[in-house]
Amino acid sequence: MTAYAIGHIRPGALHEDVLRYIETIESTFEPFGGRFLVHGAEVEVKEGTWPGTVVVIAFPGLDAARDWYDSEAYQDLVPLRTRHMPAEIILVDGVPEGYRAARTAAALRARAGL
């Protein structure tokens, strides 16, 4: 099942470190089957607030996403970004093929006795 690394990146000063991070990051996740789905796109906020941009990288599975994030190659890059741009980074599984939200709601209703 596809998994995702999602980053909420807040504005920071453009710095040589940040440019080096951007130039190098792809080479760290490609060996784990990762690929950009969204990279630094401005968001259109419909609810709440979201200062900054978003990055979404797809992986073949959660283990691959974890292996990439924990890899020496990526961990060596992390300080280049974190010194200049605050962010939250999460790893999350996608839904399986054929997933239907109504089935999830029905299971939740049954468990709650509703």
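To be clear, the structure that these remarks concern was listed above.
Everything in this summary refers to the structure shown in the same document. (Residues numbered from 1 in each chain as written. Predicted model: local features only at pLDDT ≥ 70, side-chain atom pairs only at ≥ 80, totals over all residues. Heavy atoms only, no water.)

## Thoughts on the packing of aromatic side chains
Selection rule: For Phe, Tyr and Trp, where Trp contributes only its six-membered ring, two rings pair if their centres lie within 6.5 Å, and the inter-plane angle classes them as stacked under 30 degrees, edge-to-face over 60, or tilted in between. Only DSSP runs of H or I with at least four residues qualify as helices, and only runs of E with at least two residues qualify as strands; both kinds are numbered from the N terminus onward. Only protein chains enter the accessibility calculation, which uses a 1.4 Å probe. A residue is then buried if its area is under 20% of the maximum for its type, exposed if over 50%, and partly exposed in between.
In total, this model carries eight aromatic pairs according to the counting rule given. On the basis of an interplanar angle of 80° and a centroid distance of 6.4 Å, the ring pair of Phe-29 and Phe-59 is categorised as edge-to-face. Here Phe-59 lies in strand S3 (residues 53-59) and Phe-29 lies in helix H1 (residues 16-29), a separation of 30 residues in the sequence. Neither Phe-29 nor Phe-59 differs from the other in exposure class; each is buried. Cluster of aromatic residues (ring-pair linked, three or more members): Tyr-21, Phe-29, Phe-36, Phe-59, Trp-68, Tyr-69 and Tyr-74.

## A closer look at the environment of His-84
Here is the rule: Should any heavy atoms of two residues lie within 4.5 Å, those residues are considered in contact.
Inspection of the secondary structure assignment puts His-84 in the loop between helix H3 (72-82) and strand S4 (87-93). Ignoring any residue separated from it by four or fewer positions in sequence, one finds His-84 in contact with Gly-12, Ala-13, His-15, Asp-17 and Val-18.

## Examining the side chain of His-8
We count it as follows: In protein, a polar contact means a hydrogen-donor-capable atom and an acceptor-capable atom, both N or O and within 3.5 Å, with residues adjacent in sequence counting only if both atoms are side-chain atoms; elsewhere, any N or O pair within 3.5 Å suffices.
Topologically, His-8 is positioned in strand S1 (residues 3-9). Here His-8 falls in the buried class, since its relative accessible area comes to 12%. Side chain to side chain, His-8 and Trp-50 meet in a polar contact 3.4 Å long. The contact partners of His-8, leaving out residues within four places of it in the chain, are Trp-50, Pro-51, Thr-53, Pro-86, Ala-87 and Glu-88.

## Quick word on the pairing of S1
Residues in a regular strand project their side chains so that they alternate between the two faces of the sheet. This is how it is decided: In short, DSSP must find at least two bridges between two strands for them to pair.
In terms of residue burial, S1 counts as a mostly covered element, since five of its seven residues are buried. Where S1 meets S3, seven bridges bridge the pair, whose relative direction is antiparallel. Bridge assignment links His-8 to a residue of S3, and that residue is Val-54. Summarising the sheet, S1 and S4 pair through seven bridges and their orientation is antiparallel. Among the inter-strand pairings, Ala-3 is bridged to a residue of S4, identified as Asp-93.

## Things to note about the packing of helix H2 (residues 62-70) against H3
Rules: Think of each axis as a best-fit line through the C-alpha atoms, taken over the contacting stretch in the case of a helix, with angles from 0 to 180 degrees between the N-to-C directions. Roughly parallel means an angle under 35 degrees; roughly antiparallel, over 145; roughly perpendicular, 65 to 115; everything else is oblique. Only Asp, Glu, Lys and Arg are considered charged, only Ala, Val, Leu, Ile, Met, Phe, Trp, Tyr, Cys and Pro nonpolar, and every remaining residue, Gly among them, polar.
It is at 5 Å that the axes of H2 and H3 come closest, and there the two elements cross at 55°. The angle between the axes of H2 and H3 places the two elements in the oblique class. The residues of H3 that touch H2, namely those facing Trp-68, Tyr-69 and Asp-70, are Glu-72, Tyr-74 and Gln-75. Residues that form the contact of H2 with H3 fall into these classes: three nonpolar, one polar and two charged.

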